[in-house]
Amino acid sequence: MKVTERLKAGGKLFSFEFYPPKTEADSAKLFEAARELKKLNPDFVSVTNSSSGTLKYRTAALSGVLKAELGLDVVAHLTCVAHTRAEIMEICAGLKSMGIKNILALRGDIHNIEGLQPRRDYSYAAQLTADLAKTGDFAIGGACYPEKHPEAPSFEEDIVHLKEKVAAGAEYLITQLFFDNVFYFKFLEKTAAAGISVPILPGLMPITGYKQMQNFTQMMKVSVPDALRAGIERWDGDKDGMFKFSVEYASAQAAELLKNGAPGLHLYTLNRSKAAIAILKNVKGG
Ligand code: FAD
C-alpha cells in the first residue's frame, strides 16, 4: 500500500527506519528486530540508501526481502547525487517489479562520495522527485529539516527549496531527527506560511549512549537540549538506566507530538527493536 493512501485514510502513522546491514551477524540482528517490530503492525518500514553510489542494489534487495518475507510495506530510500538517470530508472524498475510502491527521494550527502565525483545528472532531490513523479509508479516522500538543512544559507532559502521539492511531486515529508519539539512545531508554522501543505512526519531517535549522541548530533547538526544532555551524562555507563531514561525522553516527545497534531511517528531504529517497542507501547498504550 502506498504511504499516501494510509495518510489519506486518517489516523496516526507509525513507521520504523532500517539500514542495510554489512555483516551476517548484523543481518541476523536486523531480521530479528524487523520480526519483533512487525508485531506492532507498522504502517511502513523504510530502508536507507548509501549515497556513495556503490552497492547500489542493496537497498532495493533488502526492501524486496522485507516485503516478500515479512509482508511489510516498504519505503525504499533513493539517493540521487551519485547515480545517473539511467541507474535511477533501473533501480526503480527493480523496485516496481518487487511490488515496492514507495520511495523517499533524497539527494544524499556529497561528503559520502569518497573520492568519487557526483554524477551530476542530479544536483538536488527535487530533480529526482520530478523524474519519479513522471513514472507514476510510486508514492514519493522527501526529507526536511526542522533545524534547517546544514548547508542552507538561511531557513528561508531552505524552505523555498523544500517547496520546490513538494511542487515537483513530494507527497509527504519525513523530518530529520530532533530532540526538542519546539523545532518541529515552529517548522510547521514556517512551512504552512510558505504554502507547504503535505503531511510532515516527525522522525525520532532514542539515544542509547553518550558517544552515539555526540556522533549523531555532530553529523546531523541538531541541537541537544540541556535536559537530554544531563540525562545522557547521568546514565552514561549504566545500560539499564540509560535505556529507561532514553525511552522515557523519546516517549514524552512522541506523546506531545501526537497530541498536538503530528500525523504519526517515524522511529530511527538503528536496526534494533527494544527501544522502539517500548516507546510505541508508552504512546499507544498496552
Ligand atoms: P535536497 O532536498 O536536495 O536539499 C539539499 C540542500 O540543497 C538543502 O540545503 C536545500 O536547501 C538545498 N537546495 C535544494 N534545492 C536547491 C536549489 N535548486 N538551489 C540551491 N540549493 C538547493 N542520506 C543518505 O545518504 N541515505 C539515506 O537513506 C538518507 N535518508 C534520509 C532520511 C531522512 C528522513 C532525512 C531527513 C535525511 C536522510 N538522508 C539520507 C540525509 C540526506 O541525504 C542529506 O541530509 C542530504 O544532505 C540532503 O538530502 P535532501 O534529499 O534533503 O536534499
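Residues numbered from 1 in each chain as written. Predicted model: local features only at pLDDT ≥ 70, side-chain atom pairs only at ≥ 80, totals over all residues. Heavy atoms only, no water.

J.: Sorry if this is basic, but what is going on with the overall build of the chain here?
T.: Each helix and strand counted, the chain has 11 helices and eight strands in total. Its C-alpha atoms give the chain a radius of gyration of 18 Å, within 12% of the compact-globule value 19 Å for 286 residues. For the chain, the spread of C-alpha atoms along the three principal axes comes to 50 × 45 × 45 Å. The buried share among the 286 residues of the chain stands at 52%. The long-range fraction of contacts in the chain, counting pairs at least 24 apart against all pairs at least 6 apart in sequence, stands at 80%. Surface accessibility of the chain: about 13,400 Å² in total, with carbon and sulfur atoms responsible for 53%. (Helix = DSSP H or I, 4+ residues; strand = E, 2+ residues; numbered from the N terminus. Rg over C-alpha atoms; globule rule 2.2 N^0.38 Å. Buried < 20%, exposed > 50% of the residue type's maximum accessible area, 1.4 Å probe, protein only. Contact = heavy atoms within 4.5 Å. Areas by Shrake-Rupley, 256 points an atom, 1.4 Å probe, with all protein chains shown as cover.)

J.: Any chance you could explain the pairing of strand 1 (residues 13-18) here in plain terms?
T.: Of all six residues in strand 1, six are buried, a share of seventy percent or more. Burial along strand 1 is two-sided: Leu13, Ser15 and Glu17 facing one way and Phe14, Phe16 and Phe18 facing the other are all buried. Sheet topology note: the strand 1/strand 8 (residues 264-268) ladder contains five bridges and is parallel. Within strand 8, the residue paired with Leu13 across the bridge is Gly264. Bridge count for strand 1 against strand 2 (residues 44-47) is four bridges, and the pairing is parallel. Across the sheet, Phe16 pairs through a bridge with Val45, a residue of strand 2. Read from strand 1 through helix 2 (residues 24-38) to strand 2, the crossover connection turns out right-handed. (Pairing = 2+ DSSP bridges. Right-handed = clockwise from strand over helix to strand, strands pointing away.)

J.: It is not clear to me how the site of the ligand should be interpreted in this structure. Could you clarify?
T.: Taken together, 25 residues lie around the ligand, and Asn49, Asp109, Tyr145, Asp158 and Lys165 are the ones closest in. Separating an oxygen atom of the ligand from a side-chain N or O atom of Asp158 is a distance of 2.6 Å. A distance of 2.7 Å is found between an oxygen atom of the ligand and a side-chain nitrogen or oxygen belonging to Lys165. Look at the ligand: alone it shows 980 Å² of surface, and the protein chains cover 85% of it. Of all elements in the fold, only strand 3 (74-79), strand 4 (102-106), strand 5 (139-144), helix 6 (155-168) and strand 6 (172-177) reach the threshold of two or more residues within the shell around the ligand. (Near = heavy atom within 4 Å. Polar contact = N/O pair within 3.5 Å; in protein donor to acceptor, adjacent residues only side chain to side chain.)

J.: Whenever I open this one, the nonpolar core confuses me. Can you help?
T.: Here is a general trend for soluble globular proteins: nonpolar side chains tend to be buried in one another's company. By size, the foremost hydrophobic cluster in this structure holds 57 residues, and its most contacted members are Leu66 and Leu173. Residue contacts for Leu66: discarding those within four places in its chain leaves Phe18, Phe31, Ala34, Val45, Val47, Gly71, Leu72 and Val74. Membership of the second largest hydrophobic core comes to 26 residues, among which are Leu13, Tyr172, Phe216 and Leu228. (Core = buried A, V, L, I, M, F, W, Y, C linked by side-chain atoms within 4.5 Å.)

J.: Explanation requested: the pairing of strand 3 in the structure shown.
T.: Side chains on a regular strand alternate between the two faces of the sheet. Taking burial as the measure, the six residues of strand 3 include six buried ones, the bulk of the element. Alternating residues of strand 3 divide into Val74, Ala76 and Leu78 and Val75, His77 and Thr79, and every residue in both groups is buried. Bridge count between strand 2 and strand 3: three bridges; the pairing is parallel. Opposite Val45, over in strand 3, you have Val74 as the bridge partner. Note: strand 3 against strand 4, five bridges, orientation parallel. Bridge pairing links Ala76 to Ile103 in strand 4. Between the parallel elements strand 3 and strand 4, the chain passes through helix 4 (residues 85-97) in a crossover that is right-handed.

J.: Would you explain helix 7 (residues 181-193) in this entry?
T.: Each turn of an α-helix holds 3.6 residues, which means side chains three or four residues apart point in the same direction. Here helix 7 spans 19 Å end to end across 13 residues, near enough to the 18 Å set by a 1.5 Å rise per residue. If you check which residues of helix 7 are buried, you get Asn181, Tyr184, Phe187 and Thr191. The buried residues of helix 7 all sit within an arc of 115° when viewed along its axis, so they share a single face. Exposed positions of helix 7 whose direction lies more than 90 degrees from the buried face are Glu189 and Ala193. Buried residues along helix 7 sit against strand 5, helix 6, strand 6, strand 7 (200-204) and helix 10 (239-259). The residue sitting at the N-terminus of helix 7 and contributing the capping side-chain oxygen is Asp180; that oxygen lies 3.0 Å from the backbone nitrogen of Val182. Count one or two residues on from helix 7 and you reach Gly195, which has phi positive near 90°. (Expected span 1.5 Å × (residues − 1). Arc of directions from axis to C-beta.)

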